[in-house]
Amino acid sequence: MRNKNLIIALTVIVTALSFFYISFTFVARGIEKDAADAATQADGKINPNIKQAYLDSIYDKPVYNLLGAEFTYKQVKRFEMALGLDLQGGMHVVLEVSPVEILKAMAGSNAENATFKQALENAKTKQRNSQNTFQQSFFDEYRALAGANNLNKIFANTANKDKITINSTDKEVEKMINDEIDLSVDRSFNILRNRIDKFGAIQPNIQRIRGTGRILVELPGVENTQRVRNLLQGTAKLEFMEVYQIYEISEKTNRINDYLVSLAEEQKDADAVIDTTATKTAKADNSLLVNSDTDSTKTAKADSVKQDTSKVSDFYRLIRAQGGLIYETKDTATINKILNMPKVQSIIGNDLRFVWERKANISDDGIGYIELVPVKIGRDGKAALSGDVITNVVSYLSPTGKGYEVSMQMNPSGAQAWRRITKEASTAPPQNPNLKRRIAIVLDNSVYSAPVVQVEIPNGSSVITGDFTQEESKDLENILKAGKLPAPVRIVEEVVVGPTLGQEAIMDGLVSMFAGIAIVVLLLMMYYNKGGLIADIALIFNIIFTLGFLASLNSVLTLPGIAGIVLTIGMSVDANILIMERIKEELANGKSLLAAIELGYDKAFSSIFDSNLTTILTGVILFFLGEGPVKGFATTLVIGVLCSFFTAVYITKVILLWMARSKKDDAVSFDTFISKKAFKNLNFDFISKRKIAYIFSSSILVIGLVLTIMQGGLNLGVDFKGGRSYIVEFKNPVVASDLRAGLNDYFEGAGSEVKTYGSETKVKITTSYLVEDESAEADTIVVAALNKGIKNYAKENSFEVLSSSKVGATVADDIKNASWKAMLASLIGIFLYIFLRFKKWQLSLGGVVALFHDTLMVLAIFAILRVFNIDFEIDQVIVAALLTIIGFSINDTVVIFDRVREFDRESHKLNMAKMLNASINSTLSRTIMTTVIVLVSVLILFIFGGETLRGFSFALLIGVIFGSYSTIFIAVPMLLDLRSKAEKDADDKLLA
């Protein structure tokens, strides 16, 4: 064999490098176990602070010595193969930079233009079912309302004077806006990356999703999810604003009340807005509306308060008797609705803004109270001073020892402005020396503190107080240091996996992987004897190489990634089976062992090459068009197939030739008592049964289609339809249907689904409640409804939410379309490849029809199983399974097509039907053995892979069975049915 020494050298080098990279993962796991042991408390729980302190103490110290080279813990972590969130817990978030706010900022004062506002609203509605960017939808809607070449009238302003003029065309304006939005996303990405770097998460992953305004963030191991949300979504818009005295705005607050009262009277619905019986109201008590108890201010304010207290609205009625505009936290939603009413907005005007405190105060009786702070803004809509002047931020323990504070230092211009502002605020009116003003420090439209300014501050210093924890103060420091986001961001997709679920996933994945390896190893040896042992050696090398490459590329190992390894184990033996079957054929034809080995490898090469290339093609398409866990699966699959090609075609050949040259009669054998007479002299007439197969397949597909229509469509998961899902574990068993009924009222009748998730104590709850509302407030409402519904149903049955996920409707639509594009691109790519390789469009069409058949058959079986209450959701992981089925099925098809091409060249005495039958029969042993081994691997995955991969592995079971069936009864027979007239005439002559 030529290049034998090169193959041996490559094998040694790649093996050594693989062990080198894999070793870092084992070292890192050992160190983290030591840290966990050191942090284990008397009650058996691990103290995370102690564990982190242990790891921090060795971060830059040598912890691993390899052949004299020392590596620190920091370097070990850099080289280790990280675990995905599904294996260790953590948080996956997709953020979207708001193009709406960017467009408003660029429009400046024209943002109040009625046509502009209407176009924005229309674009929001259109965007739910559109693949265009938001700004493109806006451009289309604005043109529909205002006509062509009118964008300049909105965006040609002082803010854009160097970029847009009144003569700019729509195309020029659109380009400038697109560039500005891209720039804003890039700036947001960099700011978020700085925040995350300071957050302290181990091995965070942050990526910009190209072609969208979205940013992917993955934080393994984090448990305080609300802290992460605050960190990511805060724009860091810092403002210093003067606070109005209540009597200064009483004229406006009275007008708001009068409007609400009159509105209620007009609508004859007093219960909706007012309490007509509330004559003993907050308005009758001036203490509700003032901050000072001095006699002079009481007189002044009492005169400004409307005296007619016969009726009041919620705006006054809900005020608590504690001074200021203070409400119970439960009433904030009502007040927000009032403040957002157009008429109320006009009453408030341009010089006043109401802003809530950041944190409620809890009274002794457990009721939360929160202040609505009236702040002064300039006519330009700006605060007295913005956070742009801040040069340094430091968090520290309060001198009082109660909570933490954040100190800020300003630049010279900011210090000068701050001196003037604090001087004015600390100067009280002559008639009341004690009435000094408050200054509100507002971050992201929440008041963090609003102290009364006692004296002028000349040095540009300010302090934010607010009963912060150490984490809160540190996060606030990091957010302000990283800088202000150019536009707000919102979470459009979120997955939270608890550490418990991650540990279960690791065990499920490892058990399925090792069980798969063990079964495949035994099957190969039982059927192919020493040839099978050599194939097993190749399989072990394949796994080592795959893990080594994944580690060297710093790939993240996910549960779908482990599934990819398990599947690669099954599929990689296909090449070995092809080779051994070819060698057995040559031996049966009387060739010597050495000659049979050489011929076997030569004749099998084209089939192996073609089948591996089509699988790689599928994997590459899946990688570029798929999202999230699908990418991890695709990466593992492609690397596994490449490694299997090298190990099966080259390493096994070196070993086989070395053994064959030993001159011993039994040096290599390819048969056992099981396989010696199996599949000999087969002559089944498969082609004549093709019409029965067509009818059978058509019947299943029609039944599946009818049932799918009757069931209201495919059972799409959250990935594809949007919504929120939660995995909840109970102490005692629960009945899923009863729990669903119990949750129905709390989810306000929205579509919800509850099903058992692996055991009777664990359920998966999916709901479309508030699916169109992707705000943080909606998340809070849904979680509150979930907890109330479960508590009402479960009573004494304790529970824990192990994981949660949210996918916004727009993101779900994007994921769904990307998945179908991946499917279509795979089929087109395979069609073109087969056509180029085999030069027959009939083979290409037959192969693609068979692939369509296999994909639709899985969906049809899913629909049929729903009749029997066996329900699998169609999500990204199922799409990965369908694409894998395409890869497996085309493997099988290409092998037989290759034999068809070979027989077509060698024999011109057989008609096409007999030639096709001969091709199928001659490869039947390979087809059955490959199918059996892959089926066994997938079955193990189905049994041991855990609930996360249950649907994935079941889809593969169906796909593998029907993939082999469709190759024999659909793909190959179609070549006969699609014959040209000349081919039919030639066949007729042979039959005659």
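None of these values were measured; they are calculated from a predicted model.

Remarks on the overall build of the chain
So, point 1. Assigned secondary structure in the chain consists of 34 helices and 23 strands.
So, point 2. In the chain, once contacts between residues fewer than 6 apart in sequence are set aside, the share between residues at least 24 apart is 74%.
So, point 3. Carbon and sulfur atoms form 57% of the exposed surface of the chain, whose accessible area is close to 45200 Å².

With respect to the sheet that holds strand β15 (residues 439–443)
So, point 1. The antiparallel open sheet is built from four strands, whose spatial order is β12-β7-β15-β16. The open sheet is flanked by β12 (385–386) and β16 (446–449), the only strands paired with a single partner.
So, point 2. Sheet topology places β15 next to β16; three bridges connect them, and they run antiparallel. Across the sheet, Val 442 pairs through a bridge with Val 447, a residue of β16.

Describing the packing of helix α6 (residues 114–127) against helix α7 (residues 134–146)
So, point 1. It is the contact of α6 with α7, at a shortest axis distance of 8 Å, that shows an interaxial angle of 130°. When the interaxial angle is binned, α6 and α7 end up oblique. At the point where α6 passes α7, the crossing takes the right-handed sense. Contacts between α6 and α7 involve Thr 115, Phe 116, Gln 118, Ala 119, Leu 120, Asn 122, Ala 123, Lys 124, Lys 126 and Gln 127 from the former and Phe 134, Ser 137, Phe 138, Asp 140, Glu 141, Tyr 142, Leu 145 and Ala 146 from the latter.

Focus: the pairing of strand β21 (residues 752–756)
So, point 1. Relative to strand β22 (residues 762–767), β21 runs antiparallel, the two sharing five bridges. Following the sheet pairing, Thr 756 is matched in β22 by Val 763.
So, point 2. What sits between β21 and β22 in their antiparallel hairpin is a turn of five residues, with Gly 758 showing a positive phi close to 90°.

Brief notes about the nonpolar core
So, point 1. One finds Phe 862, Leu 916 and Phe 952 to be the most contacted residues of the largest nonpolar core, which totals 141 residues.
So, point 2. Excluding residues that lie within four positions of it along the chain, Phe 862 makes contacts with Ile 870, Phe 872, Ile 874, Ile 878, Gly 951, Phe 954, Ala 955 and Ile 958.
So, point 3. Judged by nonpolar contacts, the second largest core, of 43 residues, contains Met 91, Leu 103, Tyr 142 and Met 176.

Examining the packing of helix α23 (residues 690–710) against helix α28 (residues 841–866)
Helix packing for two helices is described by the angle between their axes and how far apart those axes are.
So, point 1. Contact geometry for α23 and α28: axes closest at 8 Å, N-to-C directions at 50°. Considered as vectors, α23 and α28 are oriented oblique to each other. Judged by the twist between their axes, the crossing of α23 over α28 is left-handed. Listed contacts from α28 to Ser 697, Ile 700, Leu 701, Ile 703, Gly 704, Leu 707 and Thr 708 of α23 are His 853, Leu 856, Met 857, Ala 860, Ile 861, Ala 863 and Ile 864.

Describing the sheet that holds strand β6 (residues 214–220)
So, point 1. Across the sheet, eight strands lie side by side as β5-β6-β4-β18-β23-β20-β22-β21; this open sheet has antiparallel pairing. Here the strands that pair on one side only, and so sit at the sheet edges, are β5 (205–209) and β21. Between one strand and the next, the sheet's axes are offset by a mean angle of 20°, whatever the strand orientation.
So, point 2. Examined bridge by bridge, β5 and β6 share five bridges and lie antiparallel to one another. Residue Arg 208 lies in a different strand from β6, and its bridge partner there is Ile 215.

Some remarks on helix α15 (residues 332–339)
So, point 1. Among the residues making up α15, those that are buried are Thr 332, Ile 335, Ile 338 and Leu 339. Each buried residue of α15 lies within a common arc of 120° when the element is viewed along its axis, so the set occupies one face.
So, point 2. Elements that come into contact with the buried residues of α15 comprise α11 (246–267), α14 (314–317), β8 (326–328), α16 (342–348), β9 (352–356) and β11 (368–376).

Some words on the confidence of the model for the chain
So, point 1. Residues at a pLDDT of 70 or more form 89% of the chain, whose mean pLDDT is 80.
So, point 2. Averaged pLDDT values for the elements of the chain fall to 35 in helix α13 (residues 295–304) and rise to 94 in α23.
So, point 3. Segment residues 270–309: pLDDT under 50, and 74 contacts once partners within four positions in sequence are set aside and those in other chains are kept.

So, the environment of Gln 711
So, point 1. Inspection of the secondary structure puts Gln 711 in the loop between α23 and α24 (718–721).
So, point 2. Judged by relative accessible area, which is 24%, Gln 711 ranks as partly exposed.
So, point 3. Placed 152 residues apart in sequence, Gln 711 and Ala 863 show a C-alpha to C-alpha distance of 8.1 Å.
So, point 4. What Gln 711 contacts, discounting residues up to four positions off in sequence, is Ala 863, Arg 866 and Val 867.
So, point 5. Of the polar contacts made by the side chain of Gln 711, one reaches the backbone oxygen of Ala 863; its length is 3.0 Å.

Criteria and cut-off values
- Residues numbered from 1 in each chain as written.
- Predicted model: local features only at pLDDT ≥ 70, side-chain atom pairs only at ≥ 80, totals over all residues.
- Heavy atoms only, no water.
- Helix = DSSP H or I, 4+ residues; strand = E, 2+ residues; numbered from the N terminus.
- Contact = heavy atoms within 4.5 Å.
- Areas by Shrake-Rupley, 256 points an atom, 1.4 Å probe, with all protein chains shown as cover.
- Pairing = 2+ DSSP bridges.
- Axes fitted to C-alpha atoms, helices over the stretch in contact; angles between N-to-C directions.
- Parallel < 35°, antiparallel > 145°, perpendicular 65-115°, else oblique.
- Left-handed = near helix turned anticlockwise from the far one by under 90°.
- Core = buried A, V, L, I, M, F, W, Y, C linked by side-chain atoms within 4.5 Å.
- Buried < 20%, exposed > 50% of the residue type's maximum accessible area, 1.4 Å probe, protein only.
- Arc of directions from axis to C-beta.
- pLDDT = per-residue confidence, 0-100.
- Polar contact = N/O pair within 3.5 Å; in protein donor to acceptor, adjacent residues only side chain to side chain.

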